Amino acid sequence: MWGTLARFIIRFRWLLLVLLLAVTAFLGYHASKVQLSYEFTRAIPTDNPKYLTYQAFRQQFGEDGNLLVVGVQTDQFFTEKVFNDYVKLAGDMKKVEAVEDVLSVPVATNLMRDTAAEKLHAAPLFPTGSLSQSTIDTCAATFRNLPFYQGLLYNPATNTYLMGIRINKDVLNSKKRNDVVAKIVEVGDAFGKQHSIDMHYSGLPLIRTNIATKVAREMQWFLLGSILLSAVLLLICFRSFSAMSLSLAVVIIGVLWSLGTMVLYGYKITILNALIPPLVVVIGIPNCIYFLNKFHTAWHDTDPSLDPATRKRTALTEMISRMGVVTLFCNIAAAIGFGVFALTKSAVLKEFGVVAGINIMALFFISVIFIPVVLSFLPAPKPRHTRYLDNKWLLKVLDKLEIWSVGHRKMIYGVTAVILVISVVGIFRLKSEGYMVDDLPKTDKIYTDLKFFEKNFKGIMPLEIVIDTKRKNGLRANMLQTFGKIDTLSAYIAAQPEMARPLSIVEGLKFARQAYYEGDSLQYGLPNSFDIGFLAQYLGGKSEDSTGKQNNFSRVVRSFMDSTRQRTRISVNMADVGSKRLPELISAIQSKSDQLFDTARYKVEYTGTTVTFLEGSAFIINGLKESIAWAFLLIALCMLYLFRSVKILLCSLVPNIIPLIITAGVMGWTGVAIKPSTVLVFSVALGIAVDITIRFLVNYKQELQRQDKPAQEIVIDTIHKTGISIIYTSLVLIAGFVIFCFSGFGGTQALGWLTSLTLVLATLTNLIFLPTLLMSFVKKERK
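Residues numbered from 1 in each chain as written. Predicted model: local features only at pLDDT ≥ 70, side-chain atom pairs only at ≥ 80, totals over all residues. Heavy atoms only, no water.

> Please set out the overall build of the protein residue by residue, giving values where relevant.
Each helix and strand counted, the protein has 25 helices and 10 strands in total. Referenced to the eigenvectors of the C-alpha coordinate spread, the extents of the protein come out at roughly 115 × 50 × 45 Å. The buried share among the 783 residues of the protein stands at 58%. Residue pairs in contact within the protein that sit at least 24 positions apart in sequence constitute 79% of those at least 6 positions apart. Taken as a whole, the protein presents about 32,900 Å² of accessible surface, with 60% of it coming from carbon and sulfur. One finds the centroid of the 81 positive side-chain charges in the protein at a distance of 9 Å from the centroid of its 58 negative side-chain charges. (Helix = DSSP H or I, 4+ residues; strand = E, 2+ residues; numbered from the N terminus. Buried < 20%, exposed > 50% of the residue type's maximum accessible area, 1.4 Å probe, protein only. Contact = heavy atoms within 4.5 Å. Areas by Shrake-Rupley, 256 points an atom, 1.4 Å probe, with all protein chains shown as cover. Lys, Arg positive; Asp, Glu negative; His and termini not counted. Charge placed at Lys NZ, Arg CZ, Asp CG, Glu CD.)

> Hey, could you go over unusual backbone geometry for me, with residue numbers and the actual values?
Even without being glycine, A98 reaches a positive phi, approximately 80 degrees. Topologically, A98 is positioned in the loop between α4 (80-95) and β2 (99-103). In this structure, N473 takes a positive phi of about 60 degrees despite not being glycine. Relative to the helices and strands, N473 is located in the loop between β8 (461-468) and α16 (479-494).

> Tell me about the environment of L653, residues and numbers included.
The topology assignment puts L653 in helix α22 (residues 646-670). For L653, a relative accessible area of 17% puts it in the buried group. Distance from L653 to T693, taken between C-alpha atoms, is 8.5 Å for residues 40 residues apart in sequence. For L653, the contacting residues outside a window of four places in its chain are F632 and A636.

> Account for helix α10 (residues 276-301), with residues named and values stated.
When the terminal C-alpha atoms of α10 are compared, their 38 Å separation across 26 residues agrees well with the 38 Å that a helix rising 1.5 Å per residue should span. Most of α10 sits inside the fold, with 23 of its 26 residues counted as buried. (Expected span 1.5 Å × (residues − 1).)

> Just give me the short version of a nonpolar patch on the surface, but keep the residues and values in it.
The grouping of W630, L633, L634, L637, L640, V646 and L650 at the surface amounts to a nonpolar patch, some 640 Å² of accessible area in total. For the nonpolar patch, the element with the highest residue contribution is helix α21 (residues 609-643), accounting for five residues. Within the fold, V646 resides in helix α22. (Patch = residues over 30% accessible without salt bridge, like charges linked within 9 Å, V, L, I, M, F, W, Y side chains within 5 Å. Salt bridge = Lys/Arg side-chain N within 4 Å of Asp/Glu carboxyl O.)

> Give me helix α13 (residues 392-407): which residues, what numbers.
The end-to-end C-alpha distance of α13, which contains 16 residues, comes to 22 Å, matching closely the 22 Å that a straight helix rising 1.5 Å per residue would cover. Those residues of α13 not exposed but buried are L394, L398, L401 and S405. Relative to the axis of α13, the buried residues are bounded by an arc of 55 degrees and lie together on one face. Seen from the open side of α13, the exposed residues pointing more than 90 degrees away from its buried face are K392, W393, K396 and G407. Taken together, the buried residues of α13 touch α14 (409-427), α24 (711-738) and α25 (746-777). (Arc of directions from axis to C-beta.)

> Account for the packing of helix α7 (residues 176-195) against helix α8 (residues 204-238), naming residues and giving values.
The relative placement of two packed helices comes down to the angle between their axes together with the axis-to-axis distance. Running from N to C, α7 and α8 cross one another at 115 degrees; their axes reach a closest spacing of 10 Å. Taken together, the axes of α7 and α8 lie roughly perpendicular to each other. In terms of crossing hand, the pair formed by α7 and α8 is left-handed. Residues R177, N178, V181 and V185 of α7 lie in contact with α8, whose contacting residues are P205, L206, R208, T209, N210, A212 and T213. (Axes fitted to C-alpha atoms, helices over the stretch in contact; angles between N-to-C directions. Parallel < 35°, antiparallel > 145°, perpendicular 65-115°, else oblique. Left-handed = near helix turned anticlockwise from the far one by under 90°.)

> Tell me about the pattern of salt bridges, and name the residues and values.
In this structure the tally under the stated criterion is 15 salt bridges. Notably, a salt bridge pairs R569 with E464, separated by 3.0 Å at the nearest N-O pair. Within this pair, whereas R569 is found in strand β9 (residues 567-574), its partner E464 is found in strand β8, the two being separated by 105 residues in sequence. The pair formed by R569 and E464 is uniform in burial state, with each residue classed as buried.

> For the packing of aromatic side chains, give the residues involved together with the corresponding values.
Under the definition given, this model contains 30 aromatic pairs. On the basis of an interplanar angle of 10 degrees and a centroid distance of 3.9 Å, the ring pair of F77 and Y161 is categorised as stacked. Placement of the pair is F77 in the loop between β1 (67-73) and α4 and Y161 in strand β6 (residues 160-167), with a sequence separation of 84 residues. Like F77, the residue Y161 is buried in the burial classification. Centre to centre, the rings of F452 and F453 are 5.3 Å apart; their planes meet at 85 degrees, and the pair counts as edge-to-face. (Phe/Tyr/Trp six-rings, centres within 6.5 Å; stacked < 30°, edge-to-face > 60°.)

> Can you lay out the environment of S683 for me, pointing to particular residues and giving the numbers?
With respect to the helices and strands, the residue S683 is situated in helix α23 (residues 676-706). Along the primary structure S683 and T79 are separated by 604 residues, whereas in three dimensions their C-alpha atoms are 58 Å apart. In contact with S683, not counting residues within four places along its chain, are F338, F341, L624 and I628.

> Lay out the side chain of D449 in plain terms, naming residues and giving numbers.
Note that D449 resides in helix α15 (residues 445-457). Excluding anything up to four places from it in sequence, D449 contacts M199, H200 and Y201.

> How would you summarise the sheet that holds β8 if you had to cite specific residues and measurements?
By way of backbone hydrogen bonds, the strands of a sheet pair with one another, either parallel or antiparallel. Spatial ordering of the open sheet is given by β9-β8-β10, a layout of three strands whose pairing is antiparallel. Edge positions in the sheet fall to β9 and β10 (603-607), since each of these pairs with one other strand and no more. Averaged over neighbouring strand pairs, the angle between their axes works out to 20 degrees when direction is ignored. Two strands pair when backbone bridges link them, and β8 and β9 are joined in this way by eight bridges, in the antiparallel orientation. In the strand pairing of β9, M461 is matched with M574. (Pairing = 2+ DSSP bridges.)

Listed below in C-alpha cells is the structure:
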C-alpha cells in the first residue's frame, strides 16, 4: 500500500504540489483575517449553574468586572494645588472615550435634610471650579465625617485615595479597550508626574488588557525565536540550507493552515489557542527530521552505481514506504491527544481541540506530499549532507545505550523504580491552586499595584451576593428584619482579613439615616422602628439633585436593587486569595447566611467575576485531566490496532507514563501548582512522547518482519537506526521549548522547562527503558 502511494506521489508530483499550494493560498488568505479575542475567557459551559447565575446577575444589576481603579497615596491630597488638579484629573478621565462614570472624592455626594419639606436631597460635597484652601479644608472635614466613603474612596490610616472608572462593557470586549486603558494610564501618569506621586492602577479591565497584550506579544516573539532556533539546529544537523528551508516551509504552511482553520470555523485567537501555532511547529519539525533522516539513510544504503535519478527515486520510495505509516500514526496519536478537548463542554477547550486536532492531522498530508515532491526537484544529497549518519559522538552514545539495554536491565529497572517512588511522593505534594495574576513576576507593576490595593483597600476582586426574597416588593416587607440580617452578614464579611467592607442597600440607608440626624456620624447605623418610615421612601426613590439629574449616591443605591424590589445585592471587594482559599471563604460566608436567612423565605446566591474565574479554572483543569485520560485510552486502542500485540502495547504505554509521572513529581517537589497554565504541559508532553515511541516501535516491527534475526539483535538495530533521528528531534524540540523559559509569565516559563524536562525523560525512556522492556518481554514474532 505505502509503496503504491510512494509511486503515486512521485508520479503526480506536479499536480499534488499545485493542489497543496492552492489550498495553502486559500487558507493563507483567510489566515490574514484572523482576529484576537477580547472577550472574557469562556471556560465555563453555557449550561453550568454558576454561569447561568452570573448571567442572570448581569441582566439584573449590570456588569461587575468593568471597573478600573486608580490609587494615590499622599498626605498632600487636600492641599489646594494637588486637590484642584485631582478634580481636573477626574474630569479628564470622564472625557476618555468609553468611560461611562467616574467615582472619586471630588464628585462625592452628601445627603442634606430639608426640614421644611421633610425630605433628603443630594448635593455635591465639593463645589465645582477651582477651590481655595479654606473651602477645601471645610469640605474635607465634612467628607471625613461620612463613614459611607471610608474604605470605599479613601483609607484615612494610610492617606490613600481611590478613583473608580467604569468602562463600557462592549468596548472591554473589543480591540478598542487597549486604547482606552492606555489613555487612562496616560492621563493618570501625567498627574502623578506633575506632583511626584506614584500612580497605581488595577481592576479586571486593566489586568485582562495588559496580560492579554503581554501574552500575545510574547507568543509572537517566542514563536519566531523557536522557529529561528530550530532552523539553526536543523542547519547544524543536516549541513544543508535546502533541508532547513524545506523543514521551515512545512511548519510555516502548517501554521497558515491552522490560522486559516480558525477563521473558517469563526474562532478568534484566545490565550489558549494561541499555543496552536507553536504546537504545529513542535509536531511538524519531527515529521521533517524523520523523513529527511530516512531519505538520507536510504540514499546512503542504495547502490552507488545507480544513476542519480534512479537512486533518488529509490530513496524517496523507501522513505515514503517506511516513514509514511509511522508519521500517519504519530500524527493520529498527537491529534487524539489534543483533539479530545473538543469533547468537553468548555467553549475555549472545544475550540482548541477542534483546531489542534484537525491541523495536526493536516501536517501528515503536508509532510507526506511536500517533502518528497520538493526533494525530487532538489539536487541529490552530497556526502556532507549525510555525514551526520556517521557522527562518532552520536554513535558512541548509541553504543552506550545498547550496552545499558542489554547488560544492565536490573539496574535500569531498579533506578527507574526508585525515581518513580520519589516522584509519586512528590505527586502527593502537588497543590491545585491558581490566582488571577500568579503567572506574573512579583516585580511586575500589575502585581505590585494589585498588592497596593489589597494593602490599603483589601483588594479589588469583585464578589457578588444576591439575596432573593422570592416575591415582588419583598424588600419592602419586614424591612427591619431583612436589612438587619443583611447588616449582620455584612459585618461578618468585613471581619474577614481578605475582604473589604461590603457595599449594599443597607449602607445607603445608614448614610440616609446619618443625614436625617443632621449629619451626626454617630447616627450612621441601621434604621430603627422610629426612623424607618421616613427612610423607606428612598428605597427606590429617584433622589434627584437640584438640576433634576440622578446624583452619584442615588445611582449607587438604586444599583443594589432590581426593578421589582425582590432582589438585592451585596458587593464585596476582596484580595486575590487564590482558588484554594476562595472556596473556604465562600463556604464560611454561606454557613453564616444559612443561619441568618430562612431558605423558605430567602434564596442566597454567590456570583461575580471572582466566582466565575474560580469555576472556570477548576473546569479547565478537570477538563484537561479528563482529556488526558481519554487520550491515553484512544491512543492505546490506536497502538493496539497498529501493532496487534498486547505485549507491545504495554511496552509502548509504560515509556509514556514514566515521563509524565516524573514531571508531576518534580512539580510537587518544586512547588509548581496545578493550574490551567501548567496542566497543559501533560497534554503537550503526551503527544511528543507518544511520537517517539511509535517511531521506535514501528521501525522495530518493520525490521522484525524483514529480517530473520533474534529479537534482541533487531532491538539493537532499531536503537541505531532510529536513535540518531530521535536524538536530533529531541534536541530541536528541547531548544524550541527552552526559549519559553525566558518569558515574563510563570505559566509560560513552566510550559518551557517542564516540557523540556519531559522531552529529555521521554528520549531516555524510549532509548533505554523501551528497548529493555522489548528484550525482556517480547519474543521474536514472525511475519
